[in-house]
Amino acid sequence: MSGDAVAQGDGAPRGRECEIADLLVFIKHAGIRNTVWITADMHYTAAHYYDPNAAVFQDFEPFWEFISGPLHAGTWRPQQLDNTFGPRAIYQKGCSGAQRDDLAPCFGLQFFGHVAIDGVTEVMTVTLKDVDDHALWSTRIEPRMVKWSRGSARVRS
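Residues numbered from 1 in each chain as written. Predicted model: local features only at pLDDT ≥ 70, side-chain atom pairs only at ≥ 80, totals over all residues. Heavy atoms only, no water.

Take W64: it is sitting in strand β3 (residues 63-67). In this structure W64 comes out as buried when scored by relative accessible area, which is 16%. The spacing of W64 and P87 is 23 residues in sequence and 8.9 Å in space, taken between C-alpha atoms. Among residues more than four places away in sequence, those in contact with W64 are T35, V36, W37, A47, H48, Y49, I90, W137, T139 and I141. (Helix = DSSP H or I, 4+ residues; strand = E, 2+ residues; numbered from the N terminus. Buried < 20%, exposed > 50% of the residue type's maximum accessible area, 1.4 Å probe, protein only. Contact = heavy atoms within 4.5 Å.)

Below is the structure:
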């Protein structure tokens, strides 16, 4: 949690979190599916799953957030997650508790992500990698199917 980040602390949305809440409500009520957030410039790598059932604010569909970057900058410890939107840290890597924040790039804790979407199945594979291109963590996300409301054809959303 930080004064210059979205997380404003546990509880109901406040500050910039109100804008995120408005966006999440719009996405849900517009029927937009398969939303994935890609975040950079957090100085560590992580995969977070946001679940309305674990959140204080619950008017949204579950979604993933993947974090990596920036390349060749100081590395920080993963940040504390607040309960406003119910994030769960599935994977995180950055400085350890014994290391100081803003650890120089020469220590090798630089990260990037790779996203691949299969053209036939539309399955998205997200892989978080280190500076040496080693896969640290990966997941496959199946698209959710919905029926098109104006006909019988099934479409991916």
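Moving on, we come to the packing of aromatic side chains. Enumeration according to the criterion identifies eleven aromatic pairs in this entry. Their ring planes at 5 degrees and their centres at 4.5 Å tell us that Y50 and F63 sit as a pair that is stacked. With Y50 in strand β2 (residues 45-50) and F63 in strand β3, the pair connects residues that are 13 residues apart, well separated along the chain. As far as the burial class goes, Y50 and F63 line up, both buried. Where F57 meets F60, the ring centres are 6.4 Å apart and the plane angle is 0 degrees; that geometry is what we call stacked. (Phe/Tyr/Trp six-rings, centres within 6.5 Å; stacked < 30°, edge-to-face > 60°.)

We now examine the sheet that holds strand β6 (residues 124-130). Across the sheet, three strands lie side by side as β5-β6-β7; this open sheet has antiparallel pairing. Edge strands, defined here as strands with exactly one partner in the open sheet, are β5 (111-117) and β7 (135-141). The mean inter-strand angle of the sheet, taken between neighbouring strand axes irrespective of direction, is 15 degrees. (Pairing = 2+ DSSP bridges. Axes fitted to C-alpha atoms, helices over the stretch in contact; angles between N-to-C directions.)

A separate point is unusual backbone geometry. Of note, the bond from G69 into P70 is cis; its omega dihedral lies within 30 degrees of zero at 0 degrees. Mapped onto the fold, P70 is located in the loop between β3 and β4 (87-93). If you check the backbone angles, N34 has positive phi at about 65 degrees while not being a glycine. Of note, N34 is situated in the loop between α1 (17-29) and β1 (36-39). On the basis of relative accessible area, N34 is assigned to the partly exposed category, the value being 33%. Here D41, not a glycine, exhibits a phi torsion of approximately 65 degrees, which is positive. Structurally, the position occupied by D41 is in the loop between β1 and β2. Among the residues examined, D41 registers a relative accessible area of 47% and is labelled partly exposed.

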